[in-house]
Amino acid sequence: MSGSTLPARRLGELEVGALGLGCLGMSEFYGEGDDTESTATIHRALELGVTLLDTSDMYGMGRNEELVGRAIADRRDQVVLATKFGIVRDPEDPGKRGVRGDAEHVRSSVENSLRRLNIDHIDLYYQHRVDPNVPIEDTVGAMAELVREGKVRHLGLSEAGPDTIRRAHAVHPISAVQTEWSLWSRDIEEAVVPACRELGIGLVPYSPLGRGFLTGRFTSKDDFVEGDFRQQNQPRFAEGNLEKNLAIVEALRALAAEKGVTAGQLALAWVQAKGDDVVAIPGTKRRRYLEENVASAALELSTEDVAAIEAAFPADAVAGARYPEAAMRMVSR
């Protein structure tokens, strides 16, 4: 795959390439990182027409923002840069997490992100998780101040519920809602997707490949490297659930083989086929997987194709919750 230009899609008033790049795994959670290959992956993404790069202040305790900032330093004008605030981690025990959405935290977070990224503005700034102790109007009001000051261009929410989205949008236009959406995580289709479409808000699915599971690359717990968080605390990868879910992925692989594509490409094409307001951000830290993901954008699925995929991979057949219980309490607020 030498060169490619992705078609454009819109997230509210923001125009981006039809597929984005999630940068989380470059710095944490999925085993050892390789900054050189990660940087090359970001550069290759831009060559292929990917413009939306997604990071967060909590990925790698800030290291991911620093990595992304270095990678785009000489090509800032090619990038629509998204980052997030709101999940607070304990430096002494990074596994401990809280949520803050107060104005003071919004202000300090954006200044720290701008410094780490070494940029003068953030294109899309998300609240990473909704703080149940701070009215969303107060949080978005503080974020709107950043827009007026030119430090942020567009606002987003991550893992917010439909009522919260509506209340936030009434304070300041929300351009995008980021949430998990894939063949094995479809709960947002009931209320979140309709709310976003009612308001003209774009949808940014993260983990559209089910944390890599839908690619078919994992066949047992032995396939995960040491330090991979999927094996440590993800219910769907736990013993018992893993085996049940593998059977569904086999059905997906069979459909993909009929089309001459990989299971991952078919899973990505399914997400993208959900609407022109959908811009998935599959994460990878390797160029070869990036190129495979981008190639999925050329795969057009008919209504019959989508129905066949959903019949082979029924949402209610997935074994295990998408997060441990404590983390599930932080979504759809």
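Just so you know, the residues in each chain are numbered from 1, in the order the chain's sequence is written. Since the coordinates come from a predicted model, pLDDT governs what is reported: local features require at least 70, and pairs of side-chain atoms require 80 or more to be given and counted, while whole-chain, interface and lining totals use all residues. The side-chain numbers reported here are obtained from all heavy atoms of the structure, hydrogens and water having been left aside.

1. Some details on the nonpolar core
Here is the rule: To form a nonpolar core, buried Ala, Val, Leu, Ile, Met, Phe, Trp, Tyr and Cys residues must be joined to one another through side-chain atoms within 4.5 Å. Buried residues are those whose accessible area, probed at 1.4 Å on protein chains only, stays under 20% of the maximum for their type, while exposed residues exceed 50% and partly exposed ones sit between those limits. Every residue pair with non-hydrogen atoms within 4.5 Å of one another is taken to be in contact.
Leu-21, Ile-42, Leu-252 and Phe-313 are the most contacted members of the largest nonpolar core, which has 76 residues in total. Apart from residues lying up to four places away in sequence, Leu-252 is in contact with Leu-183, Leu-214, Ala-263, Leu-266, Ala-267, Ile-309 and Phe-313. In terms of nonpolar packing, the next biggest core, distinct from the first, is built from 15 residues, Tyr-126, Val-204, Ile-281 and Tyr-323 among them.

2. A closer look at helix α10 (residues 287–295)
For an α-helix the count is 3.6 residues per turn, leaving residues at separations of three or four pointing the same way. Which entries qualify depends on this criterion: Where helices and strands are cited, they refer to DSSP runs of H or I of at least four residues and of E of at least two residues respectively, numbered from the N terminus. Each C-beta atom gives one direction from the helix axis, and the arc is the one those directions make.
If you check which residues of α10 are buried, you get Tyr-289, Leu-290, Asn-293 and Val-294. Around the axis of α10, the buried residues are gathered within 135 degrees of arc, so they sit on the same side. Taken together, the buried residues of α10 touch β3 (21–22), α1 (35–47) and α9 (263–272).

3. Quick look at the pattern of salt bridges
Rules: What counts as a salt bridge is simple: a side-chain nitrogen of Lys or Arg found within 4 Å of a carboxyl oxygen of Asp or Glu.
Under the criterion given, the structure shown has 25 salt bridges. Here Glu-111 and Lys-151 are joined by a salt bridge, their closest N and O atoms 2.4 Å apart. With Glu-111 in helix α3 (residues 103–117) and Lys-151 in the loop between α4 (136–148) and β9 (152–158), this residue pair connects regions lying 40 residues apart in the sequence. The exposure class of Lys-151 is partly exposed, given its relative accessible area of 21%. Of the charged contacts, one joins Arg-211 and Glu-180 as a salt bridge, the two residues approaching to 2.9 Å between their closest N and O atoms. Of the two residues, Arg-211 sits in the loop between β11 (202–206) and α7 (229–233) while Glu-180 sits in strand β10 (residues 174–180), which places them 31 residues apart along the sequence. For the residue pair Arg-211 and Glu-180, the accessibility class agrees, reading buried in each case. Each of the salt bridges in this network shares a partner with another, and the network as a whole consists of Arg-107, Glu-111, Glu-149 and Lys-151.

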